[in-house]
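# Examination of the molecular architecture
So the chains spell out like this:
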Amino acid sequence: MIVRRNIAGLLRLSDLAAANRAHGINQLTQVDEHNGSARWTMSNRMFEAADHAKLYHKFRPKWSPEIVNKAVSFVIEKNSKSTSLHHAVDLGCGTGQTTEILAPLFQRVTGIDISATQIAQAAANSKYSNVQYTVGRAENMPFPDGSIDLVTCATAAHWFDFPKFHKEVNRVLKPLGCLAVYCYGMSYLHYEDCTDELNRIVWQFYKGSLQGCWNKGQQFIDNDYRDLPMPYEDTERDYSMSIKVDYTLPEFIGYLSTWSGYQEYCRRHPEDQGALLQSLQQRLYDSAKTTKPAEELIFRASFPVFLLMSRKPEQ
Ligand SMILES: C[S@@+](CC[C@H](N)C(=O)[O-])C[C@H]1O[C@@H](n2cnc3c(N)ncnc32)[C@H](O)[C@@H]1O
């Protein structure tokens, strides 16, 4: 007989409350630097709360050096000069997931993010003296013309203003410098013979419960970045990699709490106080048909990776 445990208490309520509070970024309007007017900026200001930055750092999948190595190989493929690995910039760096992998490969690495809390968390975790973290925008970088060898954007480019971003990338890149844009897609869970049901439940959460809470950039992820514009003709697309993460059930719920769509849901439903995630956790637990405690229930999540690389012409 299968004993259905009630696991509602297993995901720490403090974590959920933190995730819920993350909507309280409350910076949904900001002053536009260019014209001084207040404007709606929900599009890319979903990563501001300090608690959210911590949850983000704890639960998001980590990039493997493999992806960064592919981007670096792309840089040196047509430019073997010793200066070609001088300065890399990681835009939308978050808490430094990719920035830190770039550090041993370049003389200088700069991580830039629009969110001061993500930058503070990144700087606090940083292990390298050649890495600098700066609050700023992808569309307006603090570097001279023609000074950068590689620009990376991990799980971030779909938030950017493409025309301004491409113009700025073209300004700062050296001739033969490269832009590498990459992202992981929707997780696919594996657990014994319950895989289909688990994924159906997560999909329902993504497209049903969070309907209307996603920024329009999300459509680029849904489409594996196939429609994401790149600035140069010399562009390669790589779909050969994936990231695999073993999550306990509460950790997987922690990962879902970092979704920008969930942050927006919390902003719209302050009364929720974690109820949506708790009921999701219970449904996933019931579907796993197990007697194990939830914190011993391991789901393997695989995330498909899409990598787009574009090279600036020599002249
Ligand atoms: C999903 S997180 C990705 C973080 C990290 N790169 C990773 O791979 O996990 C997206 C980040 O992009 C930042 N962001 C969004 N729009 C931006 C912009 N226009 N310029 C710079 N950063 C931006 C957000 O603040 C957030 O930290």
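Just so it is clear, the structure is predicted and the values come from calculations on it, not from any experiment. (Residues numbered from 1 in each chain as written. Predicted model: local features only at pLDDT ≥ 70, side-chain atom pairs only at ≥ 80, totals over all residues. Heavy atoms only, no water.)

The secondary structure content of the chain amounts to 11 helices and 11 strands. Here the chain holds 315 residues, and the buried ones make up 57% of them. Long-range pairs, those at least 24 residues apart, make up 77% of the contacts in the chain between residues at least 6 apart in sequence. (Helix = DSSP H or I, 4+ residues; strand = E, 2+ residues; numbered from the N terminus. Buried < 20%, exposed > 50% of the residue type's maximum accessible area, 1.4 Å probe, protein only. Contact = heavy atoms within 4.5 Å.)

Taken as a whole, the chain shows an average pLDDT of 86; of its residues, 84% reach a score of 70 or greater. This model gives residues 1–44 a pLDDT under 50, and the stretch forms 89 contacts once residues within four places in sequence are excluded. (pLDDT = per-residue confidence, 0-100.)

On to the site of the ligand, then. Lining the immediate surroundings of the ligand are 21 residues, of which Trp 63, Gly 92, Asp 113, Ala 138 and Ala 154 lie closest. At 3.0 Å from an oxygen atom of the ligand is found a side-chain nitrogen or oxygen belonging to Tyr 56. Classifying every residue of the shell around the ligand gives 10 nonpolar, eight polar and three charged. (Near = heavy atom within 4 Å. Polar contact = N/O pair within 3.5 Å; in protein donor to acceptor, adjacent residues only side chain to side chain. Nonpolar A, V, L, I, M, F, W, Y, C, P; charged D, E, K, R; others polar.)

It is worth spelling out helix H5 (residues 116–125) at this point. Looking at H5, one finds that the buried residues are Gln 118, Ile 119, Gln 121 and Ala 122. For H5, the buried positions fall inside an angular range of 165 degrees around the axis, keeping them on one side. (Arc of directions from axis to C-beta.)

The subject of this paragraph is helix H11 (residues 275–287). Its 13 residues give H11 an end-to-end C-alpha distance of 18 Å, which sits within 8% of 18 Å, the value for a rise of 1.5 Å per residue. Backbone geometry just after H11 places Lys 289 at a positive phi near 45 degrees. (Expected span 1.5 Å × (residues − 1).)

Summed over all chains, the structure comprises 14 salt bridges. Between Arg 311 and Asp 234 there is a salt bridge, with its nearest N and O atoms 2.6 Å apart. Taken as a pair, Arg 311 in strand E11 (residues 298–311) and Asp 234 in the loop between helix H8 (218–222) and strand E9 (235–238) lie far apart in primary sequence, 77 residues in all. Across the pair Arg 268 and Glu 264 runs a salt bridge, and its minimum N-O distance is 2.8 Å. Highlighted residues: Arg 268 and Glu 264, both in helix H10 (residues 260–268), separated by four residues, approximately one helical turn. (Salt bridge = Lys/Arg side-chain N within 4 Å of Asp/Glu carboxyl O.)

This brings us to the layout of surface pockets. In this structure, the second largest pocket occupies an estimated 300 Å³ of space. Broken down by secondary-structure element, the contributors of at least two residues to the lining of the second largest pocket are helix H7 (195–209) and H8. The element that contributes the greatest number of residues to the lining of the second largest pocket is H8, accounting for three residues. Tallied by class, residues from the lining of the second largest pocket come to 12 nonpolar, five polar and three charged. (1 Å grid on protein atoms, 1.4 Å probe; cavity = no way out; pocket = protein on both sides within 12 Å on 5 of 7 lines; lining within 4 Å. Points joined across faces, edges and corners; volume = space filled by probe spheres on them.)

This part takes up the environment of His 158. Position of His 158 among the secondary structure elements: in the loop between strand E6 (148–154) and helix H6 (162–172). A sequence separation of 60 residues divides His 158 from Gln 218, and the C-alpha atoms of the two residues are 7.1 Å apart. Filtering out sequence-adjacent residues up to four positions away, His 158 remains in contact with Cys 183, Gly 217, Phe 220, Ile 221, Tyr 225 and Leu 228. In this structure the side chain of His 158 is engaged in a polar contact, spanning 3.4 Å, whose partner is the side chain of Trp 159.

Okay, the packing of aromatic side chains next. In this description, a pair of aromatic rings is defined by centroid distance and the angle of the planes. For the structure shown, the criterion picks out 20 aromatic pairs. Both rings, one in Trp 203 and one in Tyr 206, keep their centres 5.3 Å apart while their planes meet at 75 degrees; by these two values the pair is edge-to-face. On the criterion of helical spacing, the pair formed by Trp 203 and Tyr 206 is a turn pair, its members being three residues apart in helix H7. Given a relative accessible area of 44%, Trp 203 falls into the partly exposed group. (Phe/Tyr/Trp six-rings, centres within 6.5 Å; stacked < 30°, edge-to-face > 60°.)

Okay, the nonpolar core next. Of all hydrophobic cores here, the largest spans 65 residues; its most connected members are Leu 150 and Trp 259. Every residue in contact with Trp 259, bar those within four places of it in the chain, is listed here: Arg 60, Met 186, Val 202, Phe 205, Tyr 206, Leu 210 and Trp 214. Within the second largest apolar cluster, 29 residues are counted, among which are Leu 91, Ala 156, Phe 165 and Leu 308. (Core = buried A, V, L, I, M, F, W, Y, C linked by side-chain atoms within 4.5 Å.)

A few words on the pairing of strand E5 (residues 131–135). Where strand E4 (residues 108–113) meets E5, five bridges bridge the pair, whose relative direction is parallel. By the bridge assignment, Val 109 is partnered in E5 with Val 131. With H5 bridging E4 and its parallel neighbour E5, the resulting β-α-β unit is right-handed. (Pairing = 2+ DSSP bridges. Right-handed = clockwise from strand over helix to strand, strands pointing away.)

Looking at the secondary structure, you find Thr 258 in the loop between helix H9 (249–257) and H10. According to the relative accessible area criterion, Thr 258 is buried, its value standing at 0%. One polar contact links Thr 258 to Arg 60, side chain to side chain, over a distance of 2.8 Å. Leave out the neighbours within four places in its chain, and Thr 258 touches His 52, Leu 55, Tyr 56, Phe 59, Arg 60 and Gln 263.

Attention now moves to the packing of H9 against H11. Direction vectors running N to C along H9 and H11 enclose 140 degrees, while the axes themselves pass 10 Å from each other. Put simply, H9 runs oblique to H11. H11 is crossed by H9, and the crossing has right-handed handedness. For the pair H9 and H11, the contacting residues are Leu 249, Pro 250, Phe 252, Ile 253, Leu 256 and Ser 257 in the first and Leu 277, Leu 280, Gln 281, Leu 284 and Tyr 285 in the second. (Axes fitted to C-alpha atoms, helices over the stretch in contact; angles between N-to-C directions. Parallel < 35°, antiparallel > 145°, perpendicular 65-115°, else oblique. Left-handed = near helix turned anticlockwise from the far one by under 90°.)

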